[in-house]
Amino acid sequence: MKFLTTSIFSLLSLTIFAQTEIAAVSSIQSQATIRISKSTKRCKYFSANAPVTMADGSIKSIAEVRVGEHVKTCKDGKTTITQVKQIDVFNQPTSPLTAVYLRPAEENTSGSPIVPALLLEATPHHYVQTNHGRKRMKRLSKKDILYHYEPSTGIVSSWKVGAVQENARRVSKAYNLETVEGTYLVDNVMVANN
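Residues numbered from 1 in each chain as written. Predicted model: local features only at pLDDT ≥ 70, side-chain atom pairs only at ≥ 80, totals over all residues. Heavy atoms only, no water.

Description of the pairing of strand β6 (residues 78–91)
For strand β5 (residues 70–75) and β6, the ladder comprises six bridges, and the chain directions are antiparallel. By the bridge assignment, histidine 70 is partnered in β6 with glutamine 83. Between β5 and β6, which pair antiparallel one after the other, the connecting turn spans two residues, and aspartate 76 there sits at a positive phi close to 55 degrees. Taken together, the seven bridges between β6 and strand β13 (residues 173–179) define a ladder with antiparallel strand orientation. Across the sheet, residue asparagine 91 finds its bridge partner in β13, namely lysine 173. (Pairing = 2+ DSSP bridges. Helix = DSSP H or I, 4+ residues; strand = E, 2+ residues; numbered from the N terminus.)

Okay, structure coming up:
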């Protein structure tokens, strides 16, 4: 009888523990969503093929990233990992993308012309992380510095804005991620959530 009572008590304890664990996981999943946006006025998004740097260093197009996955970002000049908590999907978005061309912040002393080395495309209202804080793409100027993660060395470097081209191109489907840290890497350049 004592054994039976102990066994039933243990079974009840395990059931309560399992329900608590399931509730915790459900809470995380219920907070993570995929949102299909109908309004595109002043929306912030990237083209479906924008390359996002995953936690393991691999690259996925933003359209392939899933809620709950871990991606890289930068914090205090170093890379760190954050989790995707929401994905916004835009069908037939109305805003054209703005193209920002970046070049290394270190001056070119070789005398050869500077060719833009990086291209970042997003809507004009999308925020990026600069040396002056978060700024909208359309507000960037040649005085702004953005941060780029170099996977081969693990170094976060500074890149100057070389040119900003509004109305660069239109896309038929677009995406934006929201992460726990509020930032993530697109083409290894740090961008901000909404």
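Once the structure has been displayed, the description carries forward.
A few points about the packing of aromatic side chains
Inspection of every chain in the model, using the stated rule, returns two aromatic pairs. When the centroid spacing of 4.9 Å and the interplanar angle of 40 degrees are considered together, the rings of tyrosine 45 and phenylalanine 90 count as tilted. Placement of tyrosine 45 in the loop between β1 (33–37) and β2 (46–47) and of phenylalanine 90 in strand β6 is noted, with a sequence separation of 45 residues between them. Note on phenylalanine 46 and tyrosine 184: the rings are 6.3 Å apart at their centroids and 75 degrees apart in plane angle, and the pair reads as edge-to-face. Here phenylalanine 46, found in strand β2, pairs with tyrosine 184, found in strand β14 (residues 183–186); they are 138 residues apart in sequence, far enough to count as distant. (Phe/Tyr/Trp six-rings, centres within 6.5 Å; stacked < 30°, edge-to-face > 60°.)

Notes on the nonpolar core
Counting 27 residues, the largest nonpolar core has Phe46 and Leu120 as its most contacted members. Of all the elements in the fold, those that place two or more residues in this core are β6, β7 (97–104), β8 (118–122), β12 (155–169), β13, β14 and β15 (189–192). Ignoring any residue separated from it by four or fewer positions in sequence, one finds leucine 120 in contact with Phe46, Thr98, Ala99, Val100, Val128, Met137, Leu146, Val186, Val189 and Val191. Counting six residues, the second-largest nonpolar core is a separate cluster that includes Tyr45, Phe90, Val171 and Ala174. (Core = buried A, V, L, I, M, F, W, Y, C linked by side-chain atoms within 4.5 Å. Buried < 20%, exposed > 50% of the residue type's maximum accessible area, 1.4 Å probe, protein only. Contact = heavy atoms within 4.5 Å.)

Thoughts on the pattern of salt bridges
Here the structure, examined in full by the defined rule, presents four salt bridges. The closest approach of N and O atoms between glutamate 69 and lysine 60, which form a salt bridge, is 2.6 Å. On the basis of relative accessible area, glutamate 69 is assigned to the partly exposed category, the value being 22%. For the salt bridge of glutamate 121 with arginine 169, the shortest nitrogen-to-oxygen distance reads 2.9 Å. With glutamate 121 in strand β8 and arginine 169 in strand β12, this pair connects stretches of sequence that are 48 residues apart. On the basis of relative accessible area, arginine 169 is assigned to the partly exposed category, the value being 32%. (Salt bridge = Lys/Arg side-chain N within 4 Å of Asp/Glu carboxyl O.)

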